Amino acid sequence: HRFRRHLARTSLLLHIVDMVPFEGDPIADASAIINELKKCDATLYEKPRWLVLNKVDLVDTEETKKLLQKFKKHFGNATPCFVVSAISGKGCKEVCEAVMTYLQENKENDFTSDKDAA
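Anyway, here's the lowdown on the structure attached to this text. Owing to the predicted nature of the structure, the values given are computational and were not obtained by experimental measurement.

## Some remarks on the overall build of the chain
Part 1 of the argument: Secondary structure summary: the chain contains five helices and three strands in total.
Part 2 of the argument: Put simply, the chain runs from its N terminus to its C terminus through helices and strands in the order α-β-α-α-β-α-β-α.
Part 3 of the argument: Burial analysis of the chain (118 residues in total) assigns 33% to the buried set.
Part 4 of the argument: Surface exposure of the chain reaches about 8200 Å², of which carbon and sulfur atoms provide 54%.

## A look at the pairing of strand β1 (residues 13–18)
Part 1 of the argument: Only one face of β1 is buried, namely the one carrying Leu13, His15 and Val17, since none of Leu14, Ile16 and Asp18 on the opposite face is buried.
Part 2 of the argument: Pairing of β1 with strand β2 (residues 49–54) involves six bridges; the strand directions are parallel. Following the sheet pairing, isoleucine 16 is matched in β2 by valine 52.

## Structural notes on the sheet that holds strand β3 (residues 81–83)
Part 1 of the argument: One open sheet accounts for three strands, arranged β1-β2-β3; its pairing is parallel. Two strands bound the open sheet, and with one partner strand each, they are β1 and β3. Ignoring strand direction, the axes of neighbouring strands in this sheet form an average angle of 25°.
Part 2 of the argument: Each of β1 and β2 touches helix α2 (residues 26–40); the most contacted strand, β1, lies at about 145° to it.

## Overview of the environment of tryptophan 50
Part 1 of the argument: Here tryptophan 50 lies in strand β2.
Part 2 of the argument: Residue classification places tryptophan 50 among the buried positions, given a relative accessible area of 9%.
Part 3 of the argument: Residues tryptophan 50 and valine 95, 45 residues apart in the sequence, show an inter-C-alpha distance of 9.7 Å.
Part 4 of the argument: Excluding residues that lie within four positions of it along the chain, tryptophan 50 makes contacts with Leu12, Leu13, Leu14, His15, Pro80, Phe82, Ala98, Val99 and Tyr102.

## So, the side chain of asparagine 54
Part 1 of the argument: Along the chain, asparagine 54 turns up in strand β2.
Part 2 of the argument: Asparagine 54 gets classed as buried once you look at its relative accessible area, which sits at 11%.
Part 3 of the argument: Sequence-distant contacts of asparagine 54, that is, excluding residues within four places in its chain, are made with Ile16, Val17, Asp18, Met19, Val84, Ser85 and Ala86.

## Examining the nonpolar core
Part 1 of the argument: Membership of the largest hydrophobic core comes to 14 residues, with the highest contact counts inside it found for Val17, Met19, Ala30, Leu51, Leu53, Phe71 and Phe75.
Part 2 of the argument: Elements supplying a minimum of two residues to this core: α2, β2 and α4 (61–75).
Part 3 of the argument: Grouped together as the second largest cluster of nonpolar side chains are eight residues, Trp50, Val52, Phe82 and Val99 included.

Thresholds, definitions, all that
Residues numbered from 1 in each chain as written. Predicted model: local features only at pLDDT ≥ 70, side-chain atom pairs only at ≥ 80, totals over all residues. Heavy atoms only, no water. Helix = DSSP H or I, 4+ residues; strand = E, 2+ residues; numbered from the N terminus. Buried < 20%, exposed > 50% of the residue type's maximum accessible area, 1.4 Å probe, protein only. Areas by Shrake-Rupley, 256 points an atom, 1.4 Å probe, with all protein chains shown as cover. Pairing = 2+ DSSP bridges. Axes fitted to C-alpha atoms, helices over the stretch in contact; angles between N-to-C directions. Contact = heavy atoms within 4.5 Å. Core = buried A, V, L, I, M, F, W, Y, C linked by side-chain atoms within 4.5 Å.

Following this line, the structure appears as structure tokens:
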């Protein structure tokens, strides 16, 4: 419950999913996270969320492209998807920069909604 309260204060959710096919189904894993949010807390479910596909260093370039296309087809183009490797750092800078841009662009909206709630 404490973790959910922490999530409620965020303006953007990042779902980190391992994209290594032999470790499971990455699309099913991402869907499971989203379904849990929907069941547990409708407010969290409605928050903007981005998908961060991890372990790109373990998947060849062609497989990465195919998997990214599958994610976009399943979740729609409105859900931003990033491909990263936490080990090598590949793609991490791009995610951080995109998050910072998003937060800066939405700072006024977050402040307004907090003010209205008080």
